[in-house]
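Per-entry structural report
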Amino acid sequence: MSSNHQSADLKLTLRVWRQPDPSAPGKLVEYKLDSVSPDSSFLEMMDQLNEQLIAKGEAPVEFDHDCREGICGMCSMTINGIPHGPDRGTTTCQLHMRRFQDGETITIEPWRARAFPVVRDLVVDRSAFDRVIQAGGFISARAGSAPDANEIAIAKQVADYAMDAAACIGCGACVAACKNGSAMLFVAAKASHLNALPQGQPEKDRRVLAMVRTMDGEGFGNCTNFGECSAVCPKEISLDHIAHLNRDFLVASVKNYFSKVE
């Protein structure tokens, strides 16, 4: 056993954002929570808080969650000013209370972005992401039959690049971390994982133009390349995808302009 292993239960002060509905003003409310196991997850700690509130006849804290396995990205919380909390490459549901100290004060807020309006407490409306993906459309290439076992249809470097982009779970941490509320990392990842593959090439130009226009229309800010988005991304999506999206958008814009001129 490690010498710094933490076994004693924690006493915590939680400052949690409470907002009953989108039109009502919100505020940080302080709660005391005792007997928190350091082996519990952050969401289990939130469940413990809600059990305490319900026992007192108070409204529980609303927060999103689903898989609790770091796959879906629903567990969107800003913890001490950092989307998903202090651990890199980790979603909120994968964060454990051993990461915090006894007596610590933890501030818990929703994503902060104009395009992600608060629904209630820690729940935000991320449907803008859905509309960006819908704008990207689909691929029209026929899948065909199964390839031969020894056939390498796509170069490994290209396949790996597309797979890295496809790892994006669309949680919105990139938007919450960006001072401009930019969704460029999300849009770049969603575009890259289709545009990099041969199957996505026929719709590539249309896809990029439509996704970027939709992103702008939803009220996301511009990218100024500070890199906070990649730093908090639970899947550590690279900024290279943003550069790729910018190149694809420029090429598609030029093609679209000359097609209209002709």
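Re the overall build of the protein
Per the secondary structure count, the protein includes eight helices and seven strands. By the burial criterion, 44% of the 262 residues in the protein qualify as buried. Considering only intrachain contacts with a sequence separation of at least 6, the fraction spanning at least 24 residues in the protein is 69%. Of the roughly 13900 Å² of accessible surface on the protein, a fraction of 51% belongs to carbon and sulfur atoms. Positive and negative charge centroids in the protein, built from 27 and 33 side chains respectively, lie 5 Å apart.

What to know about helix α5 (residues 184–195)
Residues spaced three or four apart along an α-helix point in a common direction, a consequence of the helix completing one turn every 3.6 residues. Its twelve residues give α5 an end-to-end C-alpha distance of 15 Å, which sits within 8% of 16 Å, the value for a rise of 1.5 Å per residue. Listed as buried for α5 are Met 184, Leu 185, Phe 186, Val 187, Ala 188, Ala 189, Lys 190, Ala 191, Ser 192 and Asn 195.

Quick notes on helix α2 (residues 127–136)
Regarding α2, the residues found buried are Ala 128, Phe 129, Val 132, Ala 135 and Gly 136. In a view along the axis of α2, the buried residues occupy a sector of 120 degrees, so they form one face of it. Considering only its buried residues, α2 is in contact with α4 (173–177), α5 and α6 (204–217). Following α2 by one or two positions, Gly 137 adopts a phi angle in the positive range, close to 75 degrees.

Quick look at the nonpolar core
Ranked by size, the top nonpolar core spans 36 residues in total, and within it Phe 116, Val 175, Val 187, Met 215, Phe 220 and Leu 245 carry the most contacts. Of all the secondary-structure elements, those providing two or more residues to this core are α2, α4, α5, α6, α7 (228–232) and α8 (240–261). Residues contacting Phe 220, with those up to four places away along its chain left out, are Ala 115, Phe 116, Ala 128, Phe 129, Val 175, Gly 181, Ala 183 and Met 215. Ranked by size, the runner-up nonpolar core spans 26 residues in total, among them Phe 63, Leu 95, Ile 106 and Leu 122.

Thoughts on the pattern of salt bridges
All chains considered together, the criterion is met by eleven salt bridges. A salt bridge links Glu 30 to Lys 32, with the nearest nitrogen and oxygen atoms 3.9 Å apart. Here Glu 30 and Lys 32 have matching classes, each one exposed.

As for the packing of α5 against α6
Between α5 and α6, the shortest axis-to-axis distance is 11 Å and the interhelical angle comes to 165 degrees. Taken as axis vectors, α5 and α6 run roughly antiparallel relative to one another. Crossing angle aside, the handedness with which α5 passes α6 is right-handed. Residues Met 184, Val 187, Lys 190, Ala 191, Leu 194 and Asn 195 of α5 touch α6, and the partners they reach there are Lys 204, Arg 207, Val 208, Met 211 and Met 215. Of the residues contributing to the contact of α5 with α6, the split by class is seven nonpolar, one polar and three charged.

A closer look at unusual backbone geometry
Notably, His 84 is not glycine yet its phi reads approximately 75 degrees, a positive angle. Along the polypeptide, His 84 turns up in the loop between β4 (82–83) and β5 (105–109). One non-glycine residue with positive phi stands out, namely Glu 236, at about 55 degrees. Examined against the element boundaries, Glu 236 turns out to sit in the loop between α7 and α8.

Examining the packing of aromatic side chains
By the definition in use, this model includes six aromatic pairs. Ring centres 5.2 Å apart and planes at 80 degrees place the aromatic pair Phe 116 and Phe 129 in the edge-to-face group. You can see Phe 116 sitting in the loop between β5 and β6 (118–120) and its partner Phe 129 sitting in helix α2, a full 13 residues away along the chain. Taken together, a centroid distance of 3.6 Å and an interplanar angle of 5 degrees make the contact between Phe 129 and Phe 186 stacked. Residue Phe 129 is found in helix α2, and its partner Phe 186 is found in helix α5; the two are separated by 57 residues along the sequence. Owing to a relative accessible area of 2%, Phe 186 belongs among the buried residues under this scheme.

Criteria and thresholds
- Residues numbered from 1 in each chain as written.
- Predicted model: local features only at pLDDT ≥ 70, side-chain atom pairs only at ≥ 80, totals over all residues.
- Heavy atoms only, no water.
- Helix = DSSP H or I, 4+ residues; strand = E, 2+ residues; numbered from the N terminus.
- Buried < 20%, exposed > 50% of the residue type's maximum accessible area, 1.4 Å probe, protein only.
- Contact = heavy atoms within 4.5 Å.
- Areas by Shrake-Rupley, 256 points an atom, 1.4 Å probe, with all protein chains shown as cover.
- Lys, Arg positive; Asp, Glu negative; His and termini not counted.
- Charge placed at Lys NZ, Arg CZ, Asp CG, Glu CD.
- Expected span 1.5 Å × (residues − 1).
- Arc of directions from axis to C-beta.
- Core = buried A, V, L, I, M, F, W, Y, C linked by side-chain atoms within 4.5 Å.
- Salt bridge = Lys/Arg side-chain N within 4 Å of Asp/Glu carboxyl O.
- Axes fitted to C-alpha atoms, helices over the stretch in contact; angles between N-to-C directions.
- Parallel < 35°, antiparallel > 145°, perpendicular 65-115°, else oblique.
- Left-handed = near helix turned anticlockwise from the far one by under 90°.
- Nonpolar A, V, L, I, M, F, W, Y, C, P; charged D, E, K, R; others polar.
- Phe/Tyr/Trp six-rings, centres within 6.5 Å; stacked < 30°, edge-to-face > 60°.

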